[in-house]
Amino acid sequence: MKFDLKDRVVAITGGAGLLGIKHAEAVAEIGGLPILIDIRGEEAVKKAKQLEKKYAVSFVGLGADIRREEEIIELRDEILSKHKTIDVLINNAANNPRMDESSQKEWSRLENFTVKAWEDDIAVGLTGAFLCSRIFGGVMAQRGSGVILNVASDLGIIAPDQRIYRQAGLSQEQQPVKPITYSVIKHGLIGLTRYLATYWCEKGIRVNALCPGGIYDGQAEDFVRQLTQLIPMGRMANLDEYKGAIQFLCSDASSYMTGTCLVMDGGRTCW
Ligand SMILES: NC(=O)c1ccc[n+]([C@@H]2O[C@H](COP(=O)([O-])OP(=O)(O)OC[C@H]3O[C@@H](n4cnc5c(N)ncnc54)[C@H](O)[C@@H]3O)[C@@H](O)[C@H]2O)c1
């Protein structure tokens, strides 16, 4: 019964994205009410409706920009007036650049990385997570219980191996790299996790981080081959493989766990 979220309201930022939808499914599968929050509001509503049909239980989609404090406050009030409480927050939203997709490859290199790109990424990945934690976590602190789960990455623990993003036919200066903000944000989320876990421990809020490895999502063959060479299990994750971790970390199944990271990366960080 500990893997149970019955009657718990779970706010998921970036809820309309690739993993956000899976987090929502994981929550609903053990009885929780998932609230998909996304800057792409229409997509969040559409995805929630599709999931409702598939699972025949309630899903809620709401539009909000988590960079904007006033929008999160409004969102909190809307959730509280309609659903009475907020039990769990999953800080999942991020600017997620696909290194194999952009036409101009060298923008992400450190020498070219602009202050605007830095600020845009930090605003979503760190400031957004801080604001949601403060505003939604405040509700939990007042009530004396709750869970915050920060979605970090294996790259919150190790540095990116930039060799895997290399593309044939480009000079060294043109080679794409994983941007510096990715490392800084994911390491920062682990710091946020430890800070909040200790700050709010006496208020009954548990705070942990999930560090997922890369998910297979149709990336270029060459990239997949190079990445999987760095992973002892020899493959990327399937989209559904983090659902068990979400259920564990959001429910009382992890009741004696706070301030730490659950690393699920096919073994990458132990090599
Ligand atoms: N996909 C992977 O392989 C992988 C691996 C490790 C960690 N992660 C992490 O998992 C999380 C989800 O990744 P994903 O692959 O689902 O990414 P995604 O890009 O599919 O989803 C991110 C979502 O966040 C939303 N978003 C962006 N800015 C926002 C804002 N200001 N306010 C509200 N919503 C906003 C986007 O609209 C999008 O729906 C991210 O934190 C990512 O870094 C992903």
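Note that the coordinates shown come from a computational prediction; the quantities given were computed from them, not determined experimentally.

(A) Layout of a nonpolar patch on the surface. Taken together, the side chains of Leu110, Trp118, Ile180 and Val184 define a hydrophobic patch exposed on the protein surface, amounting to about 330 Å² of accessible area. By relative accessible area, Ile180 is classed as partly exposed at 34%.

(B) How the structure looks around the nonpolar core. Ranked by size, the top nonpolar core spans 39 residues in total, and within it Ile37, Ile79, Phe136 and Ile148 carry the most contacts. Looking at this core, the elements that each hand over two or more residues are strand S1 (9-13), strand S2 (33-38), strand S3 (60-63), helix H3 (69-83), helix H4 (115-143), helix H5 (180-199) and strand S6 (205-212). Here this core gets 10 residues from one element, more than from any other, and that element is H4. In contact with Ile148, other than residues within four places in its own chain, are Leu89, Asn91, Ser133, Gly137, Met140, Leu196, Trp200, Ile205, Arg206, Val207 and Asn208. Of all hydrophobic cores here, the second largest spans 30 residues; its members include Ile21, Leu149, Ile215 and Ala245.

(C) Representation of the packing of H3 against H4 within the structure. Two elements in contact, H3 and H4, have axes whose closest approach is 10 Å; the angle formed by their N-to-C orientations is 30°. It follows that H3 is roughly parallel to H4 by the angle criterion. Like other packed secondary-structure pairs, H3 and H4 cross with a definite hand, here right-handed. Here Glu69, Ile72, Ile73, Leu75, Arg76, Ile79 and Leu80 of H3 lie close against H4, whose contacting residues are Leu131, Cys132, Arg134, Ile135, Phe136 and Val139. Among the residues making up the contact of H3 with H4, the classes are represented as 10 nonpolar, no polar and 3 charged.

(D) Region of interest: the site of the ligand. Close to the ligand lie 25 residues; Leu19, Asp38, Arg40, Asn92 and Asn96 are nearest. One of the backbone N or O atoms of Ala64 is found 3.5 Å from a nitrogen atom in the ligand. One of the side-chain nitrogen or oxygen atoms of Asp65 is found 2.9 Å away from a nitrogen atom of the ligand. Within the complex, 87% of the 830 Å² of free accessible area of the ligand lies under protein. Mapped onto the shell around the ligand, the elements with two or more residues apiece are helix H1 (18-29) and H5.

(E) Inspection of the packing of aromatic side chains at higher detail. In this structure the tally under the stated criterion is 6 aromatic pairs. Taken together, the ring pairs in this structure connect Tyr195, Tyr199 and Trp200 into an aromatic cluster. When the ring centre of Tyr182 is taken as reference, the NZ or CZ atom of Lys178 above it lies at 4.2 Å.

(F) Spotlight on the pattern of salt bridges. Here the structure, examined in full by the defined rule, presents 23 salt bridges. Across the salt bridge formed by Glu70 and Arg68, the nearest N and O atoms sit 3.1 Å from each other. By relative accessible area, Glu70 is classed as partly exposed at 41%. One continuous salt-bridge network, built from bridges that share partners, spans Lys22, Glu25, Glu29, Lys54, Asp240 and Lys243.

(G) Looking closely at the sheet that holds strand S5 (residues 146-151). Here 7 strands make up an open sheet; going across it, the order is S3-S2-S1-S4-S5-S6-S7 and the pairing parallel. Strand pairing shows two members of the sheet lacking a second neighbour, S3 and strand S7 (261-264), which therefore form its edges. Neighbour-to-neighbour, the strand axes of the sheet open up by a mean angle of 20°, direction not taken into account. In this sheet, S6 lies alongside S5 in parallel orientation, the contact comprising 6 bridges. If you follow Asn150 over to S6, its bridge partner there is Ala209.

(H) Structural context of the environment of Ser183. Inspection of the secondary structure puts Ser183 in helix H5. For the pair formed by Ser183 and Leu155, sequence separation is 28 residues and the distance between their alpha carbons is 5.9 Å. Not counting residues within four places of it along the chain, the set of residues in contact with Ser183 comprises Leu155 and Pro160.

(I) Examining the side chain of Gln247 more closely. For Gln247, the position within the fold is in helix H7 (residues 243-250). At a separation of 3.0 Å, a polar atom in the side chain of Gln247 contacts the main-chain carbonyl oxygen of Ala26. Setting aside residues up to four positions removed in sequence, Gln247 forms contacts with Phe3, Ala26, Glu29 and Ile30.

(J) Local environment of the state of the cysteines. In the structure shown here, the tally under the stated rule is 0 disulfides. For Cys250, which is in no disulfide, the shortest distance to another cysteine sulfur is to Cys132 and amounts to 15 Å. Of all cysteine sulfurs, the one in Cys211 lies closest to Cys261, which takes part in no disulfide; the gap is 4.3 Å.

Conventions used here
- Residues numbered from 1 in each chain as written.
- Predicted model: local features only at pLDDT ≥ 70, side-chain atom pairs only at ≥ 80, totals over all residues.
- Heavy atoms only, no water.
- Patch = residues over 30% accessible without salt bridge, like charges linked within 9 Å, V, L, I, M, F, W, Y side chains within 5 Å.
- Areas by Shrake-Rupley, 256 points an atom, 1.4 Å probe, with all protein chains shown as cover.
- Salt bridge = Lys/Arg side-chain N within 4 Å of Asp/Glu carboxyl O.
- Buried < 20%, exposed > 50% of the residue type's maximum accessible area, 1.4 Å probe, protein only.
- Core = buried A, V, L, I, M, F, W, Y, C linked by side-chain atoms within 4.5 Å.
- Helix = DSSP H or I, 4+ residues; strand = E, 2+ residues; numbered from the N terminus.
- Contact = heavy atoms within 4.5 Å.
- Axes fitted to C-alpha atoms, helices over the stretch in contact; angles between N-to-C directions.
- Parallel < 35°, antiparallel > 145°, perpendicular 65-115°, else oblique.
- Left-handed = near helix turned anticlockwise from the far one by under 90°.
- Nonpolar A, V, L, I, M, F, W, Y, C, P; charged D, E, K, R; others polar.
- Near = heavy atom within 4 Å.
- Polar contact = N/O pair within 3.5 Å; in protein donor to acceptor, adjacent residues only side chain to side chain.
- Phe/Tyr/Trp six-rings, centres within 6.5 Å; stacked < 30°, edge-to-face > 60°.
- Lys NZ or Arg CZ within 6 Å of the ring centre and 35° of its normal.
- Pairing = 2+ DSSP bridges.
- Disulfide = S-S within 2.5 Å.

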